[in-house]
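Results of the structural survey
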Amino acid sequence: MPENYFDHAAACPLMPEAFEAMKPFLTDRFGNPHSIHSFGTEPVKALEQAREQIARFINAPTTSIVFTASASESNNLALKGLARAREKEGRHIVISAIEHQSVLKSAHALERLGFEVTEVKVDEHGIVHPKELEKAIRPDTILVSVQHASNEIGTIQPLAELAQLSHQHTALIHSDGTAATGRIPVDVTRLGVDSYAFSAQSFYGPKGAAALYLKTGTRPVPLIEGGVQEKGYRAGTEDIPSIVGMGKAAEVTRSRLAEWSAKMGRLSKRLLTELPRKIDQIVLTGHPEQRLPGHVSLCVEFIEGEAMLLSLDDQGIAAASGSACTARTLKASHVLLAIGLLHAVAQSSLVLTMGKDTTDEDIDHFLAELPPIVDRLRAMSPLYAKFKKGEDPYEARERSFKGGH
Amino acid sequence: MYSEKVMEHFRNPQNVGEIENPDGIGEVGNPVCGDMMTFHVKVEDNILTDVKFKTFGCGAAIAVSSMVSEMAKGKTIEQALKITNADVAKELGGLPPQKLHCSNLGADALHAAIRNYLEKQKGAK
């Protein structure tokens, strides 16, 4: 078990309050919330209480929350469900180039069904500019999807502005809020989005519990049919223990977020300031100001991400990377390529995501351990050797890319 | 994810570096995952007396480079050319399926360095 956990974007630990709230529903309160008999009473009450807690967390009406099992499912339901619901009005969808795979793949699936998809470029900081979105929108655009913030580079989008623009062109706008929830306050009413996906594990709730916010009147075609649960938007008996845990986690996070957010922001700022002083040739990725608190993303040139992660893990530090070698698909992160990085630079990605319990000591440990790891790996790197000799380290790579196997 | 043997070679890779005035240099890159390896060889009486490498890549790529260099050192040119990807992966106690291409890269880089030496020999004659 690593002593320093910097991968909260992958999973947050379950908060004790949520665990306690879940327990009775894993044991004696096992009933189906849709049962008429008394075993259903407590579960249905708990389900509706959780819905209220979660609605309050994002400032939405209680009736607007649909429970799902993951943010990926929520994104699938929004994209596929809303596109199908509006297909008679148009068959064009606009997404940003840095969406999560669950949005990208849903959009590609829709393409195979005859929809057209336009990807909006982002700038070098990962921002979707309203004027770029406007260029992509057509008279037959029915749906726009832009994430609220990026898990990979931390950039927060001007979502309210993008929502307004989409509506001016009579398109709905969906947003993936997985990275934003638990780090910054979210007010879907003020943002003006039509749907918003998020999951409990972003704010110390259990895995397997997630939600899709649907603005009043927004009606996707369901992906899972066959039951009356969740107003027909998602058939299947609700996972009451997980939903209860999500509700409790939302309630606690809502009351503590200002404090957590300020602390995480201070800690990430420390890293962003101190890392470039300790290590040369690093590229900080994402927006310098419009970024998530507690999120640090960088590229340590000339060395590869997975090698850094393994070395950090040996020192008790857990982190993430967008390098191709860390991905099962063996493709560099499309987000890092979309902000204009060379493949070789994207290979050297490192992503650190802090949580509510991260301390200054964790940061001290990381700042002490990373530089020797970088030195060791750079001493092995042919790219670094070229750089040291004053040669262009990336020119050779471009050549090798053309060669190939 | 990795075998103990892989982690051992990743943590303490053998033969890292460059050879001054090498007899052969091989440089290969993988366009799919973006790894890059450079192998230097020294040849005396048809035997690889020294092998050194530099690698930009993941844990598997570094471990593979180290293992290939160990396996090739002291071998004849003919023996070293017969080292296959499968041999390297086997010596490392196996590699995860998505990392098998790293072992291809290691053997390729060594063979490229040897071919570079053989071409130079041909040119000298």
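**Some remarks on the packing of helix H8 (residues 240–278) of chain A against helix H12 (residues 360–380) of chain A**
Residue and element names in this part refer to chain A.
- The geometry of H8 relative to H12 is characterised by a closest axis approach of 11 Å and an angle of 20° between their N-to-C directions. On the basis of their axis angle, the class for H8 and H12 is roughly parallel. Considering the relative orientation of H8 and H12, their crossing is right-handed. Of the residues in H12, those touching H8 at Arg266, Leu267, Arg270, Leu271, Glu274, Leu275 and Lys278 are Asp360, Ile363, Asp364, Phe366, Leu367, Leu370 and Pro371.
- Counted by class, the contact of H8 with H12 contains eight nonpolar, no polar and six charged residues.

**Regarding the packing of aromatic side chains**
- Applying the stated criterion to the full structure yields 11 aromatic pairs over all chains.
- Relative to Phe203 of chain A, the ring of Phe198 of chain A has its centre 6.5 Å away and its plane inclined at 35°; by these criteria the two rings are tilted. The burial state of Phe198 of chain A is the same as that of Phe203 of chain A; both residues are buried.
- Ring centres of Phe39 of chain B and Phe53 of chain B lie 6.0 Å apart, and the angle between their planes is 25°; on these two criteria the pair is classed as stacked. Here the residue Phe39 of chain B occupies a position in strand E2 (residues 36–44), and Phe53 of chain B occupies one in strand E3 (residues 47–56), the gap between them amounting to 14 residues.

**A short note on the sheet that holds strand E9 (residues 282–284) of chain A**
Residue and element names in this part refer to chain A.
- Strand order in the open sheet made by the three strands is E9-E10-E12, with antiparallel pairing throughout. Pairing within the sheet leaves two strands with one partner each, and these edge strands are E9 and strand E12 (349–353). For this sheet, the mean angle separating the axes of adjacent strands, direction not counted, is 25°.
- Of the pairings in the sheet, the one linking E9 to strand E10 (residues 295–300) comprises three bridges and is antiparallel in character. Residue pairing for E10: Leu284 is matched across the bridge by Leu298.
- Contacting E9, E10 and E12, H8 crosses the sheet at an angle of about 20° to E10.

**So, empty space enclosed by the protein**
- This structure, assessed with the given rule, holds three cavities of 30 Å³ or more.
- The computed volume of the largest cavity comes to approximately 90 Å³.
- Every residue along the wall of the largest cavity is listed here: His8, Ala9, Cys12, Asn151, Thr178, Ala179, Thr181, Gly182, Arg183, Ser202 and Tyr204 of chain A.
- For the second largest cavity, the calculated volume is near 50 Å³.
- Contributing to the lining of the second largest cavity are Phe302, Ile303, Glu304, Ala307, Leu377, Met380 and Ser381 of chain A together with Thr55, Phe56, Gly57 and Ile62 of chain B.
- Elements that contribute at least two residues to the lining of the second largest cavity include exactly H12 of chain A together with E3 of chain B.
- Broken down by class, the residue content of the lining of the second largest cavity amounts to seven nonpolar, three polar and one charged.

**Some thoughts on the layout of surface pockets**
- By volume, the second largest pocket amounts to about 200 Å³.
- The wall of the second largest pocket is formed by Pro382, Ala385, Lys386, Lys389 and Glu391 of chain A together with Glu18, Ile25, Glu27, Thr38, His40 and Lys54 of chain B.
- Of all the elements in the fold, those that place two or more residues in the lining of the second largest pocket are helix H13 (382–388) of chain A together with strand E1 (24–29) and E2 of chain B.
- Tallying contributions element by element places H13 of chain A first for the lining of the second largest pocket, with three residues.
- A per-class count over the lining of the second largest pocket returns three nonpolar, two polar and six charged.

**Focus: the confidence of the model for chain A**
- In this model, chain A carries a mean pLDDT of 94, and residues with pLDDT of at least 70 account for 97%.
- Predicted confidence is poor over residues 399–405 of chain A, with pLDDT under 50, and the contacts of this stretch with residues over four places away or in other chains come to 12 contacts.

**Concerning the sheet that holds strand E3 (residues 92–96) of chain A**
All names here are of chain A.
- Reading across the sheet, the seven strands line up as E2-E8-E7-E6-E5-E3-E4 and stay open at both edges, with mixed pairing between neighbours. If you trace the sheet from one side to the other, it starts and ends with strand E2 (65–68) and strand E4 (116–120), each paired once. In this sheet, adjacent strand axes meet at a mean angle of 20° when their direction is disregarded.
- With four bridges joining them, E3 and strand E5 (residues 141–145) adopt parallel strand pairing. From the neighbouring strand, His92 faces E5, where its bridge partner is Thr141.
- Along the sheet, helix H3 (residues 71–85) contacts E2, E3, E5, strand E6 (172–176), strand E7 (195–199) and strand E8 (210–214); its crossing angle with E7, the most-contacted strand, is approximately 160°.

**With respect to the pattern of salt bridges**
All names here are of chain A.
- Tallying each qualifying case throughout the model produces 26 salt bridges over all chains.
- For Glu116, the salt bridge identified is with Arg138, shortest N-O distance 3.0 Å. Pair noted here: Glu116 is in strand E4 and Arg138 is in the loop between helix H5 (130–136) and E5, with a separation of 22 residues, a long-range link.
- Taking relative accessible area as the criterion, Arg138 reaches 26% and is therefore assigned partly exposed.
- Several salt bridges converge on common partners, so that one network encompasses Arg266, Arg270, Glu274, Asp360 and Asp364.

**Focus on the domain arrangement of chain A**
Residue and element names in this part refer to chain A.
- According to the domain assignment, chain A contains domain 1 (16–253) and domain 2 (257–404).
- Its C-alpha centre places domain 1 at a distance of 30 Å from the equivalent point of domain 2.
- Each side of the interface is counted separately: domain 1 has 28 residues, and domain 2 has 26 residues.
- When the two sides are added together, the surface that domain 1 and domain 2 hide from each other amounts to roughly 2,200 Å², 62% of it contributed by carbon and sulfur.
- On the domain 1 side of the contact with domain 2, Glu152, Ile153 and Arg183 bury the most area, a combined 34% of that side's loss.
- At the boundary of domain 1 with domain 2, the tally comes to zero salt bridges.
- At the surface where domain 1 touches domain 2, the tally comes to 15 residue pairs in polar contact (both at pLDDT 80 or more).

Calculation rules
- Residues numbered from 1 in each chain as written.
- Chains lettered and ligands numbered in written order.
- Predicted model: local features only at pLDDT ≥ 70, side-chain atom pairs only at ≥ 80, totals over all residues.
- Heavy atoms only, no water.
- Axes fitted to C-alpha atoms, helices over the stretch in contact; angles between N-to-C directions.
- Helix = DSSP H or I, 4+ residues; strand = E, 2+ residues; numbered from the N terminus.
- Parallel < 35°, antiparallel > 145°, perpendicular 65-115°, else oblique.
- Left-handed = near helix turned anticlockwise from the far one by under 90°.
- Contact = heavy atoms within 4.5 Å.
- Nonpolar A, V, L, I, M, F, W, Y, C, P; charged D, E, K, R; others polar.
- Phe/Tyr/Trp six-rings, centres within 6.5 Å; stacked < 30°, edge-to-face > 60°.
- Buried < 20%, exposed > 50% of the residue type's maximum accessible area, 1.4 Å probe, protein only.
- Pairing = 2+ DSSP bridges.
- 1 Å grid on protein atoms, 1.4 Å probe; cavity = no way out; pocket = protein on both sides within 12 Å on 5 of 7 lines; lining within 4 Å.
- Points joined across faces, edges and corners; volume = space filled by probe spheres on them.
- pLDDT = per-residue confidence, 0-100.
- Salt bridge = Lys/Arg side-chain N within 4 Å of Asp/Glu carboxyl O.
- Domains from an automatic or database assignment.
- Buried area = accessible area lost by both parts, 1.4 Å probe.
- Polar contact = N/O pair within 3.5 Å; in protein donor to acceptor, adjacent residues only side chain to side chain.

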